[in-house]
Amino acid sequence: MTLLQRLARSLGYDLTLRKKARPHEAQLAAVLERFRVSCVLDVGANVGQYAAMLRAQGFGGKIVSFEPLAAAHAALARRAAADPGWQVAPPMAIGDRDGEVSIELSAESDMSSILPQSPILRQISPSSAVLRRERVAMARLEQAAKPYLAPDDRTFLKIDTQGFEPQVLTGAGSLLEQLWGVQLEMSLVACYEGEVGFRAMIDRMAQAGFEPYLFIPGYFERKLGRQLQLDGVFMREGQA
């Protein structure tokens, strides 16, 4: 809490400071607007940061969030409760099969992953240390998203699952052909064991019929002087 916020609270007011929008957030909003996206599937929602950013950027369509971890899911549900256009699916991981899976719960919950942390991540980010493993349900997106989608939805898929993005795409099945676009986190340096590199992910999206429209800087590690992750936004050319 800032000094200004403390002063406001002492006078009986609750002051919320708005952060200045980062350029890439406005750029993403422009892409979604150009393709007239009406529904966003938010896979790996954590506590709702992505959906809240979309709302701040003026996106008024439907948002469906998926989050497996119990504590994060509870916070997500509270955040979405006042927004009738923001639905939260029951707690589940999204992957390439139906069943159960263990997730390494990180001290920084948005760094939690089904994949084990790589030695480099453990070395450079001790604040992301694994606290415990949490057993959760897992489902394929093709089935998990079905109750929330309407035939006329222009659907965009966002995936932020800390290295598990390829499995989410596999589990999307035939739904992938109905999507207008996909945003996914990609690795320049493997932060999780078994993680697929950014070149392979770009190739995979091209094979599925998507063109790159926007690249968003992600995790930059000052200790290495190197960017480790970035997001790619891929759209179906000719559908705008």
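Relevant structure appears above.
About the cut-offs
Residues numbered from 1 in each chain as written. Predicted model: local features only at pLDDT ≥ 70, side-chain atom pairs only at ≥ 80, totals over all residues. Heavy atoms only, no water. Helix = DSSP H or I, 4+ residues; strand = E, 2+ residues; numbered from the N terminus. Buried < 20%, exposed > 50% of the residue type's maximum accessible area, 1.4 Å probe, protein only. Contact = heavy atoms within 4.5 Å. Areas by Shrake-Rupley, 256 points an atom, 1.4 Å probe, with all protein chains shown as cover. Pairing = 2+ DSSP bridges. Axes fitted to C-alpha atoms, helices over the stretch in contact; angles between N-to-C directions. Parallel < 35°, antiparallel > 145°, perpendicular 65-115°, else oblique. Phe/Tyr/Trp six-rings, centres within 6.5 Å; stacked < 30°, edge-to-face > 60°. Right-handed = clockwise from strand over helix to strand, strands pointing away.

Trainee: Whenever I open this one, the overall build of the protein chain confuses me. Can you help?
Mentor: When its secondary structure is counted, the protein chain shows 8 helices and 12 strands. Residues counted as buried form 50% of the 240 residues belonging to the protein chain. Once local pairs closer than 6 in sequence are excluded, the contacts in the protein chain between residues at least 24 apart make up 69%. In the form shown here, the protein chain has an accessible surface area of approximately 12100 Å², with 53% of it arising from carbon and sulfur atoms.

Trainee: What is the right way to read the sheet that holds strand β4 (residues 93-95) from this model?
Mentor: In any sheet, the strands associate via hydrogen bonds between backbone groups, in a parallel or an antiparallel arrangement. Sheet architecture is open: 3 strands sit in the order β4-β6-β5, paired in mixed fashion. Edge strands, defined here as strands with exactly one partner in the open sheet, are β4 and β5 (99-106). The mean inter-strand angle of the sheet, taken between neighbouring strand axes irrespective of direction, is 45 degrees.

Trainee: Would you mind going over the packing of helix α2 (residues 23-34) against helix α3 (residues 49-56) with me for this structure?
Mentor: Between two packed helices, both the angle of their axes relative to each other and the distance between the axes serve to describe the pair. Two numbers describe how α2 lies on α3: the axes approach to 10 Å, and their chain directions differ by 75 degrees. When the interaxial angle is binned, α2 and α3 end up roughly perpendicular. In this structure, α2 uses E25, L28 and L32 to contact α3, whose residues at the interface are Y50, M53 and L54.

Trainee: Explanation requested: the packing of aromatic side chains in the structure shown.
Mentor: Describing an aromatic ring pair means giving the distance of the ring centres and the angle of the ring planes. All told, the structure shown has 3 aromatic pairs when counted by the stated rule. Taken together, a centroid distance of 6.2 Å and an interplanar angle of 90 degrees make the contact between F66 and Y148 edge-to-face. On the criterion of sequence distance, the pair formed by F66 in strand β2 (residues 62-66) and Y148 in the loop between α6 (141-144) and β7 (155-159) is long-range, its members being 82 residues apart. The exposure classification of F66 matches that of Y148, with both residues buried. Ring centres 6.2 Å apart and planes at 90 degrees place the aromatic pair F215 and F234 in the edge-to-face group. One end of the pair, F215, is in strand β9 (residues 210-217); the other, F234, is in strand β12 (residues 229-236), and 19 residues separate them in sequence.

Trainee: Looking at this model, I keep getting lost on the pairing of strand β8 (residues 181-187). Mind explaining?
Mentor: Along any regular strand the residues' side chains alternate between the sheet's two faces. Extensive coverage of β8 is indicated by the burial of 7 of its 7 residues. One ladder, built from 4 bridges, connects β7 with β8; its direction is parallel. Counterpart to F156 in the pairing with β8 is G181. Regarding topology, helix α7 (residues 165-172) serves as the crossover connection from β7 to the parallel β8, and that connection is right-handed.

Trainee: Where do I start with α7 in this structure?
Mentor: The buried count for α7 comes to 7 of 8 residues, which makes it a mostly enclosed element. For α7, the complete set of buried residues consists of E165, P166, Q167, V168, L169, G171 and A172. Two residues or fewer after α7 comes G173, characterised by a positive phi angle close to 55 degrees.

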